[in-house]
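Read off the chains here:
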Amino acid sequence: MKKKYKIALFIISFIFFLLILFFFLYLNSLKSFRVAHAGGQYNGLKYANSISAINFNSKYTKYIELDMQLTKDNRLVCIHDPIISKKNFSEIKKDFTDKDFCYDVSLKKFLEKNPEIIIITDFKTDNLKGLNFIKNYFDKFSKRFIPQIYDEHQYLPVKNLGYDEVIFTLYRVSYSNEMIVQIIKDFDIFALTMDPARLRSGIADKIRNKNFLIYVHTVNSYFRFLQYKIFFGADEIYTDNLF
């Protein structure tokens, strides 16, 4: 009896192990496209948007999303909030250490040292103006930026700036799923990004002939990611720490 019990326990344990392995591999099948949200978590801090954060998290993913703004005197800084478009660069920089502050000069140096890294932009100030700044200032590195656009009217202007890949992120629009599907059907996009509520509304089921990634943000739980991937059609995630 004990022998049968041990065999049954072994079989159950083995099946359980295989299930865990299957789900792990399934969740990470597109891990190379996972995005570090706002530079990724660093020293317990989310929305770090710092050189230290992107340097740390670039060990795990090559896609780094950064919150960006342009200052009053037209300098690029990586800050989520507050909005600083009415402040000059010198007013902003004094609040940060050189090691941690992500801005045009330090980000360019980082890209020079890390040729595999791709930056996904999230401009909190004028998006087109910011993307034009990147094209001019980063020059040869500008191909390593993937812009996020926030409505359909930004698609052609961004493409005309010379960006090959574009992400349409939906957090600033309140369109119906049907309208979004209609808008993107003729777009050549790298990805469609959305919050969990939009994903759970069933938008993925309405998309036909999909040739882009569907991202959901911001996801810091493997259980949630599994739900979104199995039941709602997410391909990958923006995350602070799931690397």
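All of these numbers come straight from a predicted model, not from anything done at the bench.

Criteria and cut-off values
- Counting from 1, residues in each chain are numbered in the order their sequence is written.
- With the structure being a predicted model, the display of local features is reserved for residues of pLDDT at least 70 and the display and counting of side-chain atom pairs for 80 or more, all residues being used for whole-chain, interface and lining totals.
- Note: side-chain values were computed over all heavy atoms of the structure, leaving out hydrogens and water.
- Within this scheme a cavity is a closed region of a 1 Å grid, computed over the protein atoms alone, that accommodates a 1.4 Å probe without allowing it to escape, whereas a pocket is open but has protein on both sides within 12 Å along at least five of seven lines; lining residues each have an atom within 4 Å of a point.
- Grid points are joined across faces, edges and corners, and a volume is the space filled by probe spheres set on the points.
- For this classification, the nonpolar set comprises Ala, Val, Leu, Ile, Met, Phe, Trp, Tyr, Cys and Pro, the charged set comprises Asp, Glu, Lys and Arg, and every other residue, Gly included, is treated as polar.
- By convention, a stacked pair of Phe, Tyr or Trp rings (six-membered ring in the case of Trp) has centres within 6.5 Å and planes under 30 degrees apart, an edge-to-face pair has planes over 60 apart, and any other such pair is tilted.
- Ring-over charges, as used throughout, are those where CZ of Arg or NZ of Lys falls within 6 Å of the ring centre and within 35 degrees of the ring normal.
- For this document, the term salt bridge refers to a Lys or Arg side-chain nitrogen within 4 Å of an Asp or Glu carboxyl oxygen.
- Labels follow the DSSP assignment, with helices taken as runs of H or I lasting at least four residues and strands as runs of E lasting at least two, numbered in each case from the N terminus.
- A 1.4 Å probe rolled over the protein chains alone gives each residue an accessible area, and that area as a share of the maximum for its type sets the label: buried under 20%, exposed over 50%, partly exposed in between.
- The term disulfide is used for any two cysteine sulfur atoms that are within 2.5 Å.
- Here the nonpolar core consists of buried residues drawn from Ala, Val, Leu, Ile, Met, Phe, Trp, Tyr and Cys, with membership extended through side-chain atoms lying within 4.5 Å.
- Whether two residues touch is decided by their heavy atoms; if any such pair falls within 4.5 Å, the residues are in contact.
- Orientation is described by lines fitted to C-alpha atoms, with helices fitted over the stretch in contact, and by angles between N-to-C directions that extend from 0 to 180 degrees.
- The cut-offs work like this: below 35 degrees is roughly parallel, past 145 is roughly antiparallel, 65 to 115 is roughly perpendicular, and the gaps in between are oblique.
- It is the rotation of the near helix from the far one that decides the hand of a crossing: anticlockwise by less than a right angle makes it left-handed, clockwise makes it right-handed.

Draft legend 1. A look at the layout of surface pockets. A volume near 260 Å³ is recorded for the largest pocket. If you trace the largest pocket, you find 15 residues lining it, with L45, Y47, A48, S50 and F96 closest to the centre. Per-class residue counts for the lining of the largest pocket are nine nonpolar, four polar and two charged.

Draft legend 2. Summary view of the packing of aromatic side chains. Per the counting criterion, the structure on display carries 16 aromatic pairs. Pairwise contacts between aromatic rings join Y42, F56, Y60 and F243 into one cluster. For R75, the ring lying beneath its charged end belongs to F89, and the centroid distance is 4.0 Å. Above the plane of the ring of Y150 lies R172, whose end atom (NZ or CZ) is 3.6 Å from the centre.

Draft legend 3. Local environment of the pattern of salt bridges. Within the structure shown, the criterion is met by eleven salt bridges. A salt bridge links E236 to R34; the shortest N-O distance between them is 2.9 Å. With a gap of 202 residues between them, E236 in strand 10 (residues 236–239) and R34 in the loop between helix 1 (2–27) and strand 1 (35–36) connect regions that are remote in the sequence. Residue D122 pairs with K124 through a salt bridge whose shortest N-O separation is 3.0 Å. On the accessibility criterion, D122 (4% relative accessible area) is buried. The class of K124 is partly exposed, set by a relative accessible area of 21%. Sharing partners across several salt bridges, the network here consists of D67, D122, K124 and R172.

Draft legend 4. Main features of the state of the cysteines. A full pass over the atoms with the stated rule returns one disulfide. Paired through a disulfide, C78 and C102 show a sulfur-sulfur distance of 2.4 Å. Of this pair, C78 sits in the loop between strand 3 (76–77) and helix 3 (89–93) while C102 sits in the loop between helix 3 and helix 4 (104–113), and the two are 24 residues apart along the sequence. Residue classification places C102 among the buried positions, given a relative accessible area of 0%.

Draft legend 5. View of unusual backbone geometry. A cis amide bond links D81 with the next residue in sequence, P82, at an omega value of 0 degrees. Note on placement: P82 falls in the loop between strand 3 and helix 3. Cis geometry marks the peptide bond from H217 to T218; its omega dihedral reads -20 degrees. As for its position among the elements, T218 is in the loop between strand 9 (213–216) and helix 10 (222–232). Of note in the backbone geometry, A38 takes a positive phi value of approximately 50 degrees without being a glycine.

Draft legend 6. Spotlight on the nonpolar core. In this structure, L107 and L192 are the most contacted members of the largest nonpolar core, which totals 54 residues. The residues contacting L107, other than those within four sequence positions of it, are I51, I54, L66, M68, L76, C102, I119, F138 and F145.

Draft legend 7. Representation of the packing of helix 4 against helix 5 (residues 127–138) within the structure. It is at 12 Å that the axes of helix 4 and helix 5 come closest, and there the two elements cross at 60 degrees. One element, helix 4, and the other, helix 5, form an angle in the oblique class. The two elements helix 4 and helix 5 meet at a crossing, and its hand is right-handed. Between helix 4 and helix 5, the contacting residues are D104, V105, L107, K108 and L111 on the first element and F133, Y137 and F138 on the second. Looking at side-chain class alone, the contact of helix 4 with helix 5 contains six nonpolar, no polar and two charged residues.

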